[in-house]
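Below, each chain spelled out in residue letters.
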Amino acid sequence: MPTDKPMTTVVEYQMRKENTTMEDWLAEWDIRAEDARVGEPETTAYAASINLKDDLNILVFERYAMGHDSLKLHMERPAHSALIEGMGERRMTKRRVMSFMFPDVSDYGWWGRPDSNDANARDVILVIGAMRFETEAMRNVFIEASGVHADYCWENESDTLIYSGGIASADADREVDLRQGDLVFVMACSDMAAVQAHAADPRHLAMGSELQEKGAEAESLFVRTYKTTGKGFLWR
């Protein structure tokens, strides 16, 4: 489903440990990330993070200001072809673990704290999850309620760096159960303590009952957690 609105893409790879190290894989990828930072103003995030449950897996977190149009410009860069060819020749990547994309929910949360935090920070905890609703109306009720909570988090959780999401534009290609129309949620926190503080906040805990009363219960599909490497950028 093509779109020209802001869009997030996530692609998780597994490195081939027989042929490379994580340090070398990231060094090769970081050449491409620097090219995106310098030469792609419409690429608003391009960061590499390690899966906390499998340290051979690297998530590339990407955001594009004008959706597929910006993604097309990204893929047409000579540096993009160079990355694919270079990693291919050295057989650095074993497989693609999963990938999917989701245009933003408009006016929902935020995608960074550029005024107070480093977009290149290491060890930021990135959490990506997905939810499914029986009806679009239920999903909209959830988005409205959680959007109000996002405003609270912006004001009261300075260590919550990203808190937003989008609607899956197509089914995930592998590994995770994600279908077109599911809600994808993204949160980034400065460390795991901040993740835990967010989860334990009384306002957060109360949301479950409030949503149940409004008939907006969700099926949780998956939650995956990563730690940033300091390679690339989470926002501009």
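Re the overall build of the protein chain
Item 1. Scanning the protein chain for helices and strands turns up 6 helices and 8 strands.
Item 2. Of the regular secondary structure in the protein chain, the N- to C-terminal order runs β-α-β-β-α-α-β-β-α-β-β-α-α-β.
Item 3. Radius of gyration (C-alpha) of the protein chain: 18 Å, near the 18 Å computed for a compact globule of 236 residues.
Item 4. Dimensions along the principal axes, computed over C-alpha positions, put the protein chain at roughly 55 × 35 × 35 Å.
Item 5. A buried classification covers 50% of the 236 residues belonging to the protein chain.

Things to note about unusual backbone geometry
Item 1. Phi angles above zero are rare outside glycine, and Asp-123 is one such case at about 65°.
Item 2. Of note, Glu-175 is a non-glycine position whose phi angle comes to about 70°, a positive value.
Item 3. Within the secondary structure, Glu-175 sits in the loop between β6 (160–167) and β7 (183–189).

With respect to the nonpolar core
Item 1. Core analysis: the biggest nonpolar cluster contains 47 residues, and Trp-29, Tyr-46, Phe-61, Phe-100, Ile-128 and Leu-178 have the highest contact counts within it.
Item 2. Among the elements that take part in this core, helix α1 (residues 22–39) stands out by supplying 6 residues, more than any other.
Item 3. The contacts of Ile-128, once residues within four sequence positions are left out, are Val-10, Leu-59, Phe-100, Val-184, Phe-185, Val-186, Phe-222, Val-223, Arg-224 and Tyr-226.

Some words on the pairing of strand β5 (residues 122–132)
Item 1. With 9 of 11 residues buried, β5 lies mostly within the body of the structure.
Item 2. Pairing geometry for β5 and strand β8 (residues 219–233), over 9 bridges, is antiparallel. Each bridged residue has a counterpart across the sheet, and for Gly-129 the counterpart in β8 is Val-223.

Considerations on the pattern of salt bridges
Item 1. All told, the structure shown has 17 salt bridges when counted by the stated rule.
Item 2. Put simply, Glu-76 and Lys-72 hold a salt bridge, and the shortest N to O gap is 2.5 Å. Placement of the pair is Glu-76 and Lys-72 together in helix α2 (residues 67–76), with a separation of 4 residues, close to one helical turn.
Item 3. Taking the relative accessible area as the measure of exposure, Glu-76 reaches 48% and is therefore partly exposed.
Item 4. The residue Arg-179 makes a salt bridge to Asp-177 at a minimum N-O spacing of 4.0 Å.
Item 5. The network of salt bridges with common partners includes Glu-12, Arg-95, Glu-175 and Arg-224.

Things to note about the sheet that holds β6
Item 1. Ordered by their spatial adjacency, 8 strands build an open sheet running β4-β1-β3-β2-β8-β5-β7-β6, and the pairing between neighbours is antiparallel. The sheet is open, and its two edges are formed by β4 (93–103) and β6, each paired on a single side. Each strand axis lies, on average, 25° off the axis of its neighbour in the sheet, ignoring direction.
Item 2. Pairing between β6 and β7: 7 bridges, direction antiparallel. Residue pairing in the sheet places Gly-165 in a bridge with Phe-185 of β7.

Examining the pairing of strand β2 (residues 43–51)
Item 1. Judged by how many residues are buried, β2 sits mostly within the fold: 8 of 9 residues are covered.
Item 2. Pairing between β2 and strand β3 (residues 54–64): 8 bridges, direction antiparallel. What sits directly across from Asn-51, in β3, is Asp-54.
Item 3. Here β2 folds back onto β3 in antiparallel fashion, the turn holding 2 residues.
Item 4. Sheet topology places β2 next to β8; 5 bridges connect them, and they run antiparallel. The partner of Asn-51 across the bridge, within β8, is Tyr-226.

Topic: the side chain of Arg-32
Item 1. In this structure, Arg-32 sits in helix α1.
Item 2. Relative accessible area serves as the criterion here: at 1%, Arg-32 is assigned to the buried category.
Item 3. In this structure, Arg-32 is in contact with Glu-40, Tyr-46, His-74, Arg-77, Ala-79, His-80 and Leu-83, ignoring residues within four places of it in sequence.

Concerning the side chain of Arg-224
Item 1. Mapped onto the elements of the fold, Arg-224 is located in strand β8.
Item 2. The exposure class of Arg-224 is buried, given its relative accessible area of 13%.
Item 3. For Arg-224, the side chain forms a polar contact with the side chain of Glu-12, separated by 3.2 Å.
Item 4. If sequence neighbours within four positions are ignored, Arg-224 has contacts with Glu-12, Asn-51, Val-97, Met-98, Leu-126, Val-127, Ile-128, Glu-175 and Val-176.

So, how was this worked out
- Residues numbered from 1 in each chain as written.
- Predicted model: local features only at pLDDT ≥ 70, side-chain atom pairs only at ≥ 80, totals over all residues.
- Heavy atoms only, no water.
- Helix = DSSP H or I, 4+ residues; strand = E, 2+ residues; numbered from the N terminus.
- Rg over C-alpha atoms; globule rule 2.2 N^0.38 Å.
- Buried < 20%, exposed > 50% of the residue type's maximum accessible area, 1.4 Å probe, protein only.
- Core = buried A, V, L, I, M, F, W, Y, C linked by side-chain atoms within 4.5 Å.
- Contact = heavy atoms within 4.5 Å.
- Pairing = 2+ DSSP bridges.
- Salt bridge = Lys/Arg side-chain N within 4 Å of Asp/Glu carboxyl O.
- Axes fitted to C-alpha atoms, helices over the stretch in contact; angles between N-to-C directions.
- Polar contact = N/O pair within 3.5 Å; in protein donor to acceptor, adjacent residues only side chain to side chain.

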